[in-house]
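Commentary on secondary and tertiary structure
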Amino acid sequence: MPPPPRKRPNFPGSKPWQRPGPPPPKKRAGEQGWDPVAGWYDKLVGDKGSDYHRNVILPAAMRLLAVAPGEKVLDLCCGQGVLIPLLLEAKAGAVTAVDASPQLIASATKRFEKDKRVRLIVADACAPGPWADGSHDAAACIMAVHDVPDLPAMARQTAAALKPGGRFVAIFMHPCFRIPQQSHWGWDEGRKLQFRRVDRYGVPQEIPILTHPGQGGGLTTTFYHRPVGEVLSAFGKAGLAVTECEELFSHRRSQPGPRAKGENRAVQEFPVFMAISCVKLP
Ligand SMILES: C[S@@+](CC[C@H](N)C(=O)[O-])C[C@H]1O[C@@H](n2cnc3c(N)ncnc32)[C@H](O)[C@@H]1O
């Protein structure tokens, strides 16, 4: 017969004993949108964009969007507004910029409040809103397709925002080669080549992303990985037909050294971002 369970002694004034459990979960920025990391993101992107924005993302976005003077353009998930100056430079007649983070919209407001052409709106891109009114000639969603929890809903609202025949451009992390925590560089010493290793791809995942690596901030946002077919189908089913797909490569090059040739070749073989142009079907 097993011995009776031992009773914990009760010391006077002591708190009731509690079984030690796992520590409470860290607060995830993903649960509160991007507000908790808005200051960090604003600093990272600044007025002109991050290194990747300036060299790869923004030039591709503007080339694919091909904004004509006077057009009304929607910037969906605009963040602190990095695309807006380029839209204004291209002489857009009006810019509607939407983001779910009040803090990031506040940063954008500081930059653009004096420009009457810019309308900034705090809203969920996955839900119906006043901006989804069929009045826009073109729309862009830059680096946020993987940040929204319900992509089919966002695609439907984007289509609702456009005129028939309106254009839509999305640029996002390449779903095949840039899956956070599940894709990495590796070096094959025998063949002197750098390869890309992909551990998981086919199953959609919610991946926490640490925003201040090395600074002990501990805040995370959520990255929604979806296989490429799921991404393209979300737009197609919303009536946004893909007319062009570009895979965008890094502009960065290796320091001279024994691996430079292999590394530089890999950079030209494995794209970082995917860009799609769509047109709204009538
Ligand atoms: C990586 S940032 C990109 C921002 C900006 N387009 C850029 O390139 O700097 C992702 C943005 O998506 C926004 N976002 C995420 N989910 C959203 C949603 N459901 N509705 C609107 N914005 C959302 C976040 O607030 C954040 O500003």
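Scoring rules and cut-offs
- Residues numbered from 1 in each chain as written.
- Predicted model: local features only at pLDDT ≥ 70, side-chain atom pairs only at ≥ 80, totals over all residues.
- Helix = DSSP H or I, 4+ residues; strand = E, 2+ residues; numbered from the N terminus.
- Buried ≥ 20, exposed ≤ 12 C-beta atoms within 10 Å, placed from the backbone.
- Contact = placed C-beta atoms within 7 Å.
- Core = buried A, V, L, I, M, F, W, Y, C linked by C-beta atoms within 7 Å.
- Pairing = 2+ DSSP bridges.
- Axes fitted to C-alpha atoms, helices over the stretch in contact; angles between N-to-C directions.
- Arc of directions from axis to C-beta.
- Left-handed = near helix turned anticlockwise from the far one by under 90°.
- Nonpolar A, V, L, I, M, F, W, Y, C, P; charged D, E, K, R; others polar.
- Parallel < 35°, antiparallel > 145°, perpendicular 65-115°, else oblique.

**Topic: the overall build of the protein chain**
Helix and strand content of the protein chain: seven helices and eleven strands. Classification of the 282 residues of the protein chain by burial places 35% in the buried group. For the protein chain, the proportion of contacts with a sequence separation of at least 24, taken over those separated by at least 6, is 67%.

**Structural notes on the nonpolar core**
Core analysis: the biggest nonpolar cluster contains 65 residues, and A61 and I171 have the highest contact counts within it. Of all the elements, strand β5 (residues 162-173) adds the most residues to this core, at seven residues. Apart from the residues within four sequence positions on either side, A61 is in contact with L83, A140, I142, V169 and I171.

**Here's the deal with the sheet that holds strand β2 (residues 94-99)**
Backbone hydrogen bonds are what pair the strands of a sheet, in a parallel or an antiparallel way. Strand order in the open sheet formed by seven strands is β3-β2-β1-β4-β5-β11-β10, with mixed pairing between adjacent strands. What marks the edges here is a single partner per strand, and that holds for β3 (118-122) and β10 (240-248). The sheet shows a mean angle of 15° between the axes of neighbouring strands, taken without regard to direction. With four bridges connecting them, strand β1 (residues 72-76) and strand β4 (residues 136-142) associate as parallel partners.

**Comments concerning the pairing of β4**
Of all the seven residues making up β4, seven are buried; the element is thus mostly covered by neighbouring parts of the structure. Where β4 lies against β5, six bridges are found, and the strand directions are parallel. Looking at β5, one finds that C141 is bridged to A170.

**Topic: helix α4 (residues 102-112)**
Every buried residue belonging to α4 is among L104, I105, S107 and A108, and all of these are buried. Along the long axis of α4, the arc covered by the buried residues comes to 155°, so they all point the same way. In this structure, the buried residues of α4 make contact with α1 (38-45), α3 (84-89), β2 and β3.

**A look at α1**
Because the α-helix completes a turn every 3.6 residues, residues three or four places apart line up on one side. Every buried residue of α1 is accounted for by A38, Y41 and D42. End-on, the buried residues of α1 take up no more than an arc of 100°, which puts them together on one face. Buried residues in α1 make contact with α4. Remark: G46 follows α1 within two positions and exhibits a positive phi of approximately 60°.

**Details of the packing of helix α5 (residues 151-161) against helix α6 (residues 228-237)**
Close contact between α5 and α6 brings their axes to 8 Å; oriented N to C, the two are set at 35°. Note that α5 runs across α6; the crossing there is right-handed. Residue-level contacts link L151, P152 and A155 of α5 to V231, A234, F235 and K237 of α6. Here the residues of the contact of α5 with α6 sort into six nonpolar, no polar and one charged.

**Remarks on the packing of α1 against α4**
Running from N to C, α1 and α4 cross one another at 40°; their axes reach a closest spacing of 9 Å. As far as their axial angle goes, α4 and α1 are oblique. Both α1 and α4 take part in a crossing whose hand is right-handed. Residues A38, Y41 and D42 of α1 form the contact with α4, whose participating residues are Q103, L104 and S107.

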